[in-house]
Structure formats: C-alpha cells, structure tokens
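# Commentary on secondary and tertiary structure
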Amino acid sequence: MDAILDILEELKPGVEYRGRTDLVDSRELDSLTIIALVAELEDVFDIAVPAAEIVPENLNSPEAIWALVCRLREQGL
Amino acid sequence: MTSYFTPQFLVLFLPGSALCYQLVPRRARWAVLLAASYAFFWALSGWLAVFVTVSALVIWLTGLALGTEAARRGRELAELGADRRAVRRLWQRRMRLTLAVGVLANLGILVALKYAGFLAGLVRPLGAVMPELPRIGLPIGISFYTMQAVSYLVDVYRGTVAADANPLRLALYLTFFPQIMEGPICRYAQTAQALWSGAPVTAKQVFSGSARVLWGLAKRMVVADRLNSLVSPVFADPGSYDGGVIVLAAVLYTLQLYCDFSGTMDCAVGMGRLFGIALPENFSQPFFSRTASEFWRRWHVTLGEWFKDYVFYPVSLSGPVKRLTGAARRALGGRMGPAAASGVALFCVWLANGLWHGAGTQYLLFGMYYFVLIWAGALVEPASQALCARLGVSRSGALWHGFQHVRTLLVVVAGELIFRSASAEQGLELLGRATLDFRADSLLDGTVLAVGMDVADFVVVGVFVVLLLVAGVLRERGVHPLEGAWRRGPVVRWAVCFALLMCVVVFGAYGVGYTPVDPMYASF
C-alpha cells in the first residue's frame, strides 16, 4: 500500500493522497497521469492492466488501486 | 418532419408519442418507443432505416456469440487443474476475433456510406482508377448509433455488461428518437434497460423535461438561427470580407454552434425525461475551461468519454505502445516518458475525432490542430510550472486563471474557424487573413450591419448571451434553476414554461428574412 502512495507522490507531487476517494472524479488523476500510473504499476508489481480495468472505481483511492493490483496479481494476468 | 425543430414534430409527433406512452400498459411502452423511433427514422431517412436495423442485428448476434464464448471460458477456468493462463489466452484470442467481426461490420457500413467518396477523392489524384460510386445517402445519426453499437460490443467483450438476448431492446437502444439525430452517445448500461422497462413518468419529469425542451428551443431559435444571417453569408463568400469580419464571423459561429448543438442536447435530455429516461449530459459549461483538454471534457462530453474508453486507453495499453512507453520512461523519466509516448494514442483519438465529424480535409486539420495543442500542452506542462515558479507567477491566482481562459477561448475560436471552412486549405487561408489582415475599422464602419444582422439582432443575441452566462455560473455553483422552480409550486412552474415559450415566440428568428440553421451535428 505504501508503494502505491510512493508511486502517486512521484508522478504528481504535492497532493495529499491518503484518505482520498475521488482521485479520478476530481481530475487529480487525468488520463495522461493514469497512463503513467499504469506503466509504473505494471513495472513494479509485474502485472498487466487491461483497458477494461481503467475505470474510476479502480483508481479513485490508493486503497482501490492497491485492491486492483492485488486482484490482477491473483488472476495472474 | 425533417428535425426536432419543425412544428409537425413539436406539436404532433412528440406530444402524441408521449401521450401514447402514458396510455398504454407499462409492459407495452417499449413498443411505443420503438415504433415512434422507427417512424421518426423513416420520416427523416426513409428506406435507409434498413442500415440501423442491420447494425442492431449484427450487435445482437455478435453479443450472443461473445456471451457464449465468455460462458465457455468460465467453465474451462473452473475445471480442476486447468492452466488458467493458457485458457485465458485462448479465449481472449477467440473473443477478440468475434469482437473484430462485429465492430468491423458496423464500421464497414459507416465507412461505405460516409467516407467512400472522400477516400476515392484522396486516391484518384494518385492515378488510381476508381469507379463512380453510387449515391446512397446517409441514415440519420449513423455516426452516433454506430458508436453506441461498438461500445455495446466492447462492453460485452470486457464483461462490463451481459450480452442481451433481446434484439428489439438493442434496436430501441440504438434508435431511441430523442437521441438519434445528434446524441448524446449513450452506453448500453445507461439507457437500454431503462428504455425497456417503461417506468412511470412523474409530474416533476414532465415539468423539467418540457422546460428543458423549451430552453433548448430558445438557444437554437433565438441565437443559433439568428446568427445564421451573418455567419452563412461570410463563410459562403469569405473573399469579400477582411480579417476583422472573418474574426467576428468565427466568434459568432462558435456561439452559434454551441447554441445549436447544446440547444439540441437540451431538447434531447428534456424529451428523454418526458419518457422517464435520464440521458447523459453532453455539455458542462465548456467556455469556462482553462485548457483545450478541459474544453473537450466539457464539450460533447459523451464523445470525449467514448474516445477515451474505446480508443485512448486501449491504444495506450496495447503491446507496441506499452513498449514505447517503457523506452520513453527510461529515457525521459516517469512523468515525461508516458506523456511523450501518449502522443501515439492522442494521435489516434484526434484523427478519429476529426474524421468522425465529417469526410473533409478541414475536419482532418481540425483533429490534428487539437492533437498538436493537447500533446504539446502535456509535454511543456513541467517546463511551464518551473518557469512560473521561477518568475514568481502564482498558478492558482486570478491573473493566471484569466490568462488561461482567454487563451483557451482564442484556441477554440481558431479551431471552429477551421471547422467551418470548406476545406483545410481554406481554413489555413482564413486563419492567416484573420491574423494578418485584421482591421478593426470594418467592425465599426457599418460593414458588419450590412451582412445580414441588424442592431436589434445583435442586442437580442447580446442579452441572451448574458442569460447563458448567468445560467452557466449557476450550474458551475451547483444551482439548478428548474429544481428551484419545481419547489416553488405550480404557479412558478407554469410561469417558467410560459416565459420560455414566449421567449421563443417573440425573440425566435423565424419567418421572413431568416433561414434556420441546419442541425449541424445531424450530418455527422
């Protein structure tokens, strides 16, 4: 989970990510940042994120992003 | 009946359909909607309705095939000892093939009907011998319902919606008449089941739907149709006017397009409410944007969302682009690398966006114009932040925000000047003349008043623009005037509807001396 916060902080510094549940809805993460985030997640956690998973529910909070990572690792995609 | 803005539609077809919808039992309401939708389609496009029927059949059959394949994949994954990775890969390949057949069939119809002539025109100068193509015509709203058809298939493939076994429900999802002409582009999950369920319509929906239709009519008839008197002559013969008049025409065309398209969307959303259907909003105060990309999140929202979900992310996450992104990250860093590599996906989005608007070189140029602006904006953003920090410019201050608003307005007006031109060549020429041949005196010496709009026309447009600004500010602040009117009781509700109706009747630009603007997005 801390790794998610580190990645977010590196991609877009100066934002308080803890406790946020509206990262996509509030446009804190725009589509270009999301692509950068996905690239980092795939590298760090050795997963492949399908386009179908790029929905606000999976990216609105650090917890949701972590849950997505865990689910994709479990599926072994 | 040629559009939503004819007396036959507004006085007979719409109220008649709404009445029938209310009178029949709930379980038969879908049939009223489907019959009305096909009747509307037939009135506007005649036998070309066969094409939307073919699209509905194709997505029905393809959806069922995808559903069957997904079920078989699920069974194989559930087997003990299954090599889950291999099973996933096998079925992914099969389902992709099925999806490709359905998508290509739909896009094939669109390309054949809309782009064949344009593509032949591009190839002929290269020496290719092309036979004369038959002129079939374009079914109304083909670009809109094709996007809905494709989104349904991709959503079934992705598993976000289940395949629908009912072809009539899919036909209604594609053809629902309030949205068929100009959108909004709905997803299956947003409207298909609601259209079928025949939910009861509340008095509040009738009020807010009627008021929204009247507000849309006012935008179109008071502003868009009135501005046509100046915009059409200038763009029909731009060589007769200097840069000052061309700039004014570009500004007024931008306003006209907004009032025409967003007014039609108000009507669509309002008509949807008359049948108990919540259609998605397509505009969110676009002229309050501070960047070009924000503008496109607020203008034609459902088109932007469609391109993001079905072009931008899939292209960005495709194998070759992922490899490119990886290389760019290593070379340029975690932020700049993906921004640079995103150029591939952005190029695809804006090429498709430009071509979607029409088969013409001006639309290609329009798409490339925004591609360059938005991609360059992403690339220079870190440098811009650093420069502002160095110069001590606050990026959260009113001065910076004001600069961004003005910059975005200029970008949008220049884009619409290209968009309204007859070709890319003319678009570039007009942009050049608007900047190099700009003379303010032609705006003040009476030249403008000789084109087609008199002082009274300008005053009416000016007053309505102030009204639009007030309405926009209220919506930005989360205030919904129709909600407030509903709470204040029946007298206020009737007064609102009557005032809007009077606004259309008294200030609408119709009759002798006015030519209504063609519903611009209907031909897309």
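Cut-off values and rules
Residues numbered from 1 in each chain as written. Chains lettered and ligands numbered in written order. Predicted model: local features only at pLDDT ≥ 70, side-chain atom pairs only at ≥ 80, totals over all residues. Heavy atoms only, no water. Helix = DSSP H or I, 4+ residues; strand = E, 2+ residues; numbered from the N terminus. Rg over C-alpha atoms; globule rule 2.2 N^0.38 Å. Buried < 20%, exposed > 50% of the residue type's maximum accessible area, 1.4 Å probe, protein only. Contact = heavy atoms within 4.5 Å. Areas by Shrake-Rupley, 256 points an atom, 1.4 Å probe, with all protein chains shown as cover. Polar contact = N/O pair within 3.5 Å; in protein donor to acceptor, adjacent residues only side chain to side chain. Axes fitted to C-alpha atoms, helices over the stretch in contact; angles between N-to-C directions. Parallel < 35°, antiparallel > 145°, perpendicular 65-115°, else oblique. Left-handed = near helix turned anticlockwise from the far one by under 90°. Domains from an automatic or database assignment. Buried area = accessible area lost by both parts, 1.4 Å probe. Expected span 1.5 Å × (residues − 1). Phe/Tyr/Trp six-rings, centres within 6.5 Å; stacked < 30°, edge-to-face > 60°. Lys NZ or Arg CZ within 6 Å of the ring centre and 35° of its normal. Patch = residues over 30% accessible without salt bridge, like charges linked within 9 Å, V, L, I, M, F, W, Y side chains within 5 Å. Salt bridge = Lys/Arg side-chain N within 4 Å of Asp/Glu carboxyl O. Nonpolar A, V, L, I, M, F, W, Y, C, P; charged D, E, K, R; others polar.

Secondary structure assignment for chain B yields 21 helices and zero strands. Here the C-alpha radius of gyration of chain B, 25 Å, is about what a compact globule of 524 residues would show, namely 24 Å. Of all 524 residues assigned to chain B, the portion counted as buried reaches 50%. When contacts within chain B are restricted to residue pairs at least 6 apart in sequence, those whose partners lie at least 24 apart make up 76%. Here chain B displays about 23,600 Å² of accessible surface, and carbon together with sulfur accounts for 67% of that area.

All names here are of chain B. Its location among the elements puts Ser 55 in helix H3 (residues 49-78). A polar contact is formed between the side chain of Ser 55 and the side chain of Asn 106, at a distance of 2.9 Å. Setting aside residues no more than four positions away along its own chain, Ser 55 makes contact with Asn 106, Ile 109, Tyr 145 and Leu 174.

This paragraph deals with the packing of helix H2 (residues 31-45) of chain A against helix H4 (residues 62-75) of chain A. Residue and element names in this part refer to chain A. At a minimum axis distance of 12 Å, the contact between H2 and H4 shows a crossing angle of 45°. Here H2 is positioned oblique relative to H4, judged by the angle of their axes. Viewed along their axes, H2 and H4 form a crossing whose handedness is right-handed. On H4, the residues touching Leu 37, Leu 41 and Phe 45 of H2 are Ile 65, Trp 66, Val 69 and Arg 73.

All names here are of chain B. The domain boundaries assigned to chain B delineate domain 1 (25-200), domain 2 (201-283 + 446-517) and domain 3 (298-432). For domain 2 versus domain 3, the distance between C-alpha centres works out to 29 Å. At the junction of the two partners, domain 2 supplies 17 residues and domain 3 supplies 14 residues. Where domain 2 abuts domain 3, roughly 1,500 Å² becomes buried across the two surfaces, and 70% of that area is made up of carbon and sulfur atoms.

Moving on to helix H2 (residues 29-45) of chain B. For an α-helix, 3.6 residues make a turn, and residues three or four places apart therefore share a direction. Residues and elements named next belong to chain B. In this model H2 runs 24 Å from its N-terminal to its C-terminal C-alpha over 17 residues, within 8% of the 24 Å that 1.5 Å per residue would give. The complete set of buried residues in H2 reads Arg 29, Val 32, Leu 33, Leu 34, Ala 36, Ser 37, Phe 40, Phe 41 and Ser 45. Residues of H2 that are buried make contact with helix H1 (7-23), H3, helix H5 (142-158), helix H6 (167-175), helix H7 (177-180) and helix H8 (188-197). Backbone geometry just after H2 places Gly 46 at a positive phi near 60°.

Backbone phi values are negative for most residues with the exception of glycine, while trans is the configuration of most peptide bonds. The omega angle of the peptide bond from B:Gly183 to B:Pro184 is 5°, so this bond is cis rather than trans. By secondary structure assignment, the location of B:Pro184 is in the loop between H7 and H8. The phi torsion at A:Asp46 lies on the positive side, around 55°, for a residue other than glycine. Inspection of the secondary structure assignment puts A:Asp46 in the loop between H2 and helix H3 (56-59). When its relative accessible area of 68% is taken as the criterion, A:Asp46 is described as exposed. Phi is positive for B:Gln285, which is not a glycine, with a value near 50°. With respect to the helices and strands, B:Gln285 occurs in the loop between helix H10 (243-274) and helix H11 (292-298).

The next subject is the packing of aromatic side chains. All names here are of chain B. Within the structure shown, the criterion is met by 46 aromatic pairs over all chains. Considering the side-chain rings of Phe 176 and Phe 275, the 6.3 Å spacing of their centres and the 80° angle between planes classify their relative orientation as edge-to-face. Of this pair, Phe 176 sits in the loop between H6 and H7 while Phe 275 sits in the loop between H10 and H11, placing them 99 residues apart in sequence. Phe 275 matches Phe 176 in its accessibility class, with the two residues each being buried. Over the ring of Trp 91 we find Arg 94; its NZ or CZ atom is 4.7 Å from the centre of that ring. Residue placement shows Arg 493 over the ring face of Trp 486; its charged tip is 3.6 Å from the ring centre.

This brings us to a nonpolar patch on the surface. Residue and element names in this part refer to chain B. On the surface, a cluster of nonpolar side chains totalling about 640 Å² of accessible area is made up of Phe 498, Leu 501, Met 502, Val 505, Val 506, Phe 507 and Tyr 510. Residue position: Val 506 is located in helix H21 (residues 490-507). Residue class for Val 506 comes out exposed when judged on its relative accessible area of 53%.

Turning to the interface of chain A and chain B, a few remarks are in order. Each partner contributes to the interface: chain A provides 22 residues, whereas chain B provides 19 residues. The junction of chain A with chain B conceals about 1,900 Å² of combined surface from both sides, 60% of it contributed by carbon and sulfur atoms. Together, A:Arg27, A:Leu32 and A:Ile35 form the three largest contributors to the area buried by chain A at its contact with chain B, with a combined 31%. If you look at where chain A meets chain B, you find three salt bridges. The shortest N-O distance in the salt bridge between B:Lys322 and A:Glu42 comes to 2.8 Å. Where chain A meets chain B, there are four residue pairs in polar contact (both at pLDDT 80 or more). Ranked by residues supplied to the side of chain A that touches chain B, first place goes to H2(A) with eleven residues. A class-by-class count of the residues in the side of chain A that touches chain B yields 14 nonpolar, four polar and four charged.

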